[in-house]
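Residue-level structure breakdown
The residues making up each chain are set out below.
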Amino acid sequence: AQSVSQHNHHVILSEAASLELGCNYSYGGTVNLFWYVQYPGQHLQLLLKYFSGDPLVKGIKGFEAEFIKSKFSFNLRKPSVQWSDTAEYFCAVISGNTPLVFGKGTRLSVIA
Amino acid sequence: EAQVTQNPRYLITVTGKKLTVTCSQNMNHEYMSWYRQDPGLGLRQIYYSMNVEVTDKGDVPEGYKVSRKEKRNFPLILESPSPNQTSLYFCASSFRGRGVLYFGPGTRLTVT
């Protein structure tokens, strides 16, 4: 079965530090890839998505992610985090005819 | 405004008392899904529906029922709730299950 791994459960960074959250998936065929963000007390919302084309995808709030097919990865990056980026981040994958599969999430805490 | 709505937003109930959480979307999406979110376990899919009268089990369907009699509505039914169903529940919808998933605001359920 398709699976999505987010290796970091909880990441703590100081403001202005760079961020990279890992995401790996198991399916070898064509995939659609997503990062969702959940701010404290809110529902999930889309951060960015990759369907095809340029493997470097830019999303909202300065986030970007790079699709590396050979590594089955779709890591999320931001060069300089802010306190307001404190949230939980979920990677998700659609492949074949299977519904969207989520990773377990990475909690990001940004401290001043 | 395009949205997914859920009701109620908060519910405290007792073991064994049947309850229904409603979910409605106004985007004419074919695909709808229910998730539960628990600390450390991420998002787990309960049931999903690819279209009217078509429903399928997700990862954790035990103790839940769903129905999809209309395109816009996808209620979640707990026939006999138990304390282990205390959780945060999200409904979501997307276009044919292939695109961006839009989430409802969540329903926080406590079963005592």
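Residues numbered from 1 in each chain as written. Chains lettered and ligands numbered in written order. Predicted model: local features only at pLDDT ≥ 70, side-chain atom pairs only at ≥ 80, totals over all residues. Heavy atoms only, no water.

Take the packing of aromatic side chains next. Following the criterion strictly, the structure yields 14 aromatic pairs over all chains and no others. Taking 5.4 Å as the distance between ring centres and 90 degrees as the angle between the ring planes, the aromatic pair formed by phenylalanine 102 of chain A and tyrosine 35 of chain B counts as edge-to-face. In this pair, phenylalanine 102 of chain A sits in strand E11 (residues 98–102) while tyrosine 35 of chain B sits in strand E4 (residues 31–38), so the two residues belong to two different chains. The same class applies to phenylalanine 102 of chain A as to tyrosine 35 of chain B, namely buried. (Phe/Tyr/Trp six-rings, centres within 6.5 Å; stacked < 30°, edge-to-face > 60°. Helix = DSSP H or I, 4+ residues; strand = E, 2+ residues; numbered from the N terminus. Buried < 20%, exposed > 50% of the residue type's maximum accessible area, 1.4 Å probe, protein only.)

The probe, sized like a water molecule, is rolled over the atoms to show the empty space still left. In this structure, the largest pocket spans a volume of roughly 600 Å³. Considering the residues around the largest pocket, the lining is formed by 31 residues, among which Gln38 and Glu88 of chain A together with Gln37, Leu88 and Arg108 of chain B are closest to the centre. Those elements that place two or more of their residues in the lining of the largest pocket are strand E10 (87–95) and strand E12 (106–111) of chain A together with E4, strand E9 (87–94) and strand E11 (107–111) of chain B. The residue inventory of the lining of the largest pocket, partitioned by class, reads 12 nonpolar, 13 polar and 6 charged. In this structure, the second largest pocket occupies an estimated 380 Å³ of space. Every residue lining the second largest pocket is counted, 19 residues in all, and those nearest its centre are Gln2, Leu100, Val101 and Phe102 of chain A together with Asp59 of chain B. Mapped by element, the contributors of at least two residues to the lining of the second largest pocket are E11 of chain A together with strand E5 (42–51) of chain B. The leading source of residues in the lining of the second largest pocket is E11 of chain A, at 5 residues. (1 Å grid on protein atoms, 1.4 Å probe; cavity = no way out; pocket = protein on both sides within 12 Å on 5 of 7 lines; lining within 4 Å. Points joined across faces, edges and corners; volume = space filled by probe spheres on them. Nonpolar A, V, L, I, M, F, W, Y, C, P; charged D, E, K, R; others polar.)

Right, let's talk about the state of the cysteines for a bit. Overall, the coordinates contain 2 disulfides over all chains when judged by the stated rule. Residue cysteine 23 of chain A pairs covalently with cysteine 91 of chain A via a disulfide, S to S 1.9 Å. Disulfide cysteine 23 of chain A-cysteine 91 of chain A: the torsion about the S-S bond is -65 degrees, which places it as left-handed. Here cysteine 23 of chain A is found in the loop between strand E3 (19–21) and strand E4 (24–25), whereas its partner cysteine 91 of chain A is found in strand E10, with 68 residues between them in sequence. Relative accessible area serves as the criterion here: at 0%, cysteine 23 of chain A is assigned to the buried category. The partner cysteine of cysteine 23 of chain B in its disulfide is cysteine 91 of chain B, sulfur to sulfur 1.8 Å. One disulfide, between cysteine 23 of chain B and cysteine 91 of chain B, carries an S-S torsion of -75 degrees and so falls in the left-handed class. Of this pair, cysteine 23 of chain B sits in strand E3 (residues 19–25) while cysteine 91 of chain B sits in strand E9, and the two are 68 residues apart along the sequence. The exposure classification of cysteine 23 of chain B matches that of cysteine 91 of chain B, with both residues buried. (Disulfide = S-S within 2.5 Å.)

This part is about the interface of chain A and chain B. On the side of chain B, 19 residues touch chain A, which itself brings 22 residues to the contact. Contact between chain A and chain B buries roughly 1500 Å² in total, counting both sides, with carbon and sulfur atoms accounting for 61%. Among the residues of chain A in contact with chain B, His43, Pro99 and Phe102 of chain A are the three that bury the most area, contributing 30% of the side total. The tally of links between chain A and chain B comes to 0 salt bridges. At the surface where chain A touches chain B, the tally comes to 2 residue pairs in polar contact (both at pLDDT 80 or more). For the side of chain A that touches chain B, the elements supplying multiple residues, two or more each, are strand E5 (31–38), strand E6 (45–50), E10 and E11 of chain A. Class assignment of the residues belonging to the side of chain A that touches chain B gives a composition of 10 nonpolar, 9 polar and 3 charged. (Contact = heavy atoms within 4.5 Å. Buried area = accessible area lost by both parts, 1.4 Å probe. Salt bridge = Lys/Arg side-chain N within 4 Å of Asp/Glu carboxyl O. Polar contact = N/O pair within 3.5 Å; in protein donor to acceptor, adjacent residues only side chain to side chain.)

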